Amino acid sequence: VLGLALTAAIALPGVATAQEAPPNGMRTPELRVHAITNATVVTKPGEKIENATIIIRDGVIEAVGADVRIPREARLWNAEGRTVYPGLIDAAVLVDIQGFEKSPGSHWNRLITPELHVGEFGVPDDSLRKSLRDIGITIAAVYPGRGILRGSGMVVSTAESTGQMTVYRPTGAMAAGLERTNGYPGSIMGSIALLRQTLHDAQWHEEAQRIWAEFPEQNEPPIRADSLVALQPVLAGTQSVLFQTGDELDLLRAAKVMDEFALRGMFLGSGLEFRRLREVVAAGRPIIVPVEFPDRPDVTSLASADNVNLSTMLTWE
């Protein structure tokens, strides 16, 4: 799936993520197919097509080329004099969720919130979508950014209004990390212990539900545990995990936990993976690599060079 970035914005109706107030007057027809015509299309670096046509159906690019047949039902957008290029896709936008309240079935620790879903909290909001569009990002995978088991993300377009947003994947990966607090857990060891215990509890809860469903007269029903129920797709392998790592050691620690519970998933890397590259490669999982590279160390004089250690130089290189 490609997003579109235009040098002059063209608003394309898509799949709405929330209902908006009905218009006071004639309703604008919601067309599913659009054709951008007469555009200069950059298909990849160094290659472009003049006088090209782009067909978009249900928010997804269906065809691009100079000799593309335009469907009869398509709405035409004349892009003469404009350049269209593939929009960037941000694979992991982390956001703070405001307004989430624990229910009676939530986990006792506030860092465990797997039942949370970013789509229920108006994420991404207008300001976030605008900031992403301003740097050319047209599609974003958005995830909760705080906690250990943080909740599910989603993949959406960064359209100007919520009514124009296209939802490419309503439920994405389960976000995770090794966050610590001033209470418990207050260390990486504690975070790993809480993570493993919660996954074990989720396995136990699933088995308890199965036994109670099969023998309801001989057993008490399991306690309400929304957080543990929300982890069932993760344990079953139908939902992957996006594990944020603070450094290469965090990645290797997370990899051991994911292997222990046979979890599908990937890492949101730190950029420091080169320090244990052999072990990181052996972990055998995809890594989303950050593009926020470190600043070049100041070695313009002997005095400034003395303040730059080897680790800083290796990280920059």
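Computed from a predicted structure; not experimentally measured.

All chains considered together, the criterion is met by 2 aromatic pairs. For the pair Phe100 and Phe121, a centre-to-centre distance of 6.1 Å together with 65° between the ring planes defines the contact as edge-to-face. Taken together, the residues Phe100 in the loop between strand E6 (83-95) and helix H1 (126-134) and Phe121 in the loop between E6 and H1 connect sequence positions 21 residues apart. Residue classification places Phe100 among the partly exposed residues on the basis of a relative accessible area of 26%. Residue classification places Phe121 among the partly exposed residues on the basis of a relative accessible area of 26%. An angle of 15° between the planes, with centres 6.3 Å apart, marks the rings of Trp108 and Tyr184 as stacked. Taken together, the residues Trp108 in the loop between E6 and H1 and Tyr184 in the loop between strand E11 (174-176) and helix H2 (188-214) connect sequence positions 76 residues apart. By relative accessible area, which is 64% here, Trp108 ends up exposed. By relative accessible area, Tyr184 is classed as partly exposed at 44%.

A cluster of nonpolar side chains, namely Phe274, Val299, Leu310, Met313 and Leu314, defines an oily patch on the protein surface of about 440 Å² accessible area. Considering the arrangement of structural elements, one finds Phe274 in the loop between strand E13 (265-268) and helix H6 (277-283). Taking the relative accessible area as the measure of exposure, Phe274 reaches 36% and is therefore partly exposed.

Scoring rules and cut-offs
- Residues numbered from 1 in each chain as written.
- Predicted model: local features only at pLDDT ≥ 70, side-chain atom pairs only at ≥ 80, totals over all residues.
- Heavy atoms only, no water.
- Phe/Tyr/Trp six-rings, centres within 6.5 Å; stacked < 30°, edge-to-face > 60°.
- Helix = DSSP H or I, 4+ residues; strand = E, 2+ residues; numbered from the N terminus.
- Buried < 20%, exposed > 50% of the residue type's maximum accessible area, 1.4 Å probe, protein only.
- Patch = residues over 30% accessible without salt bridge, like charges linked within 9 Å, V, L, I, M, F, W, Y side chains within 5 Å.
- Areas by Shrake-Rupley, 256 points an atom, 1.4 Å probe, with all protein chains shown as cover.
- Salt bridge = Lys/Arg side-chain N within 4 Å of Asp/Glu carboxyl O.

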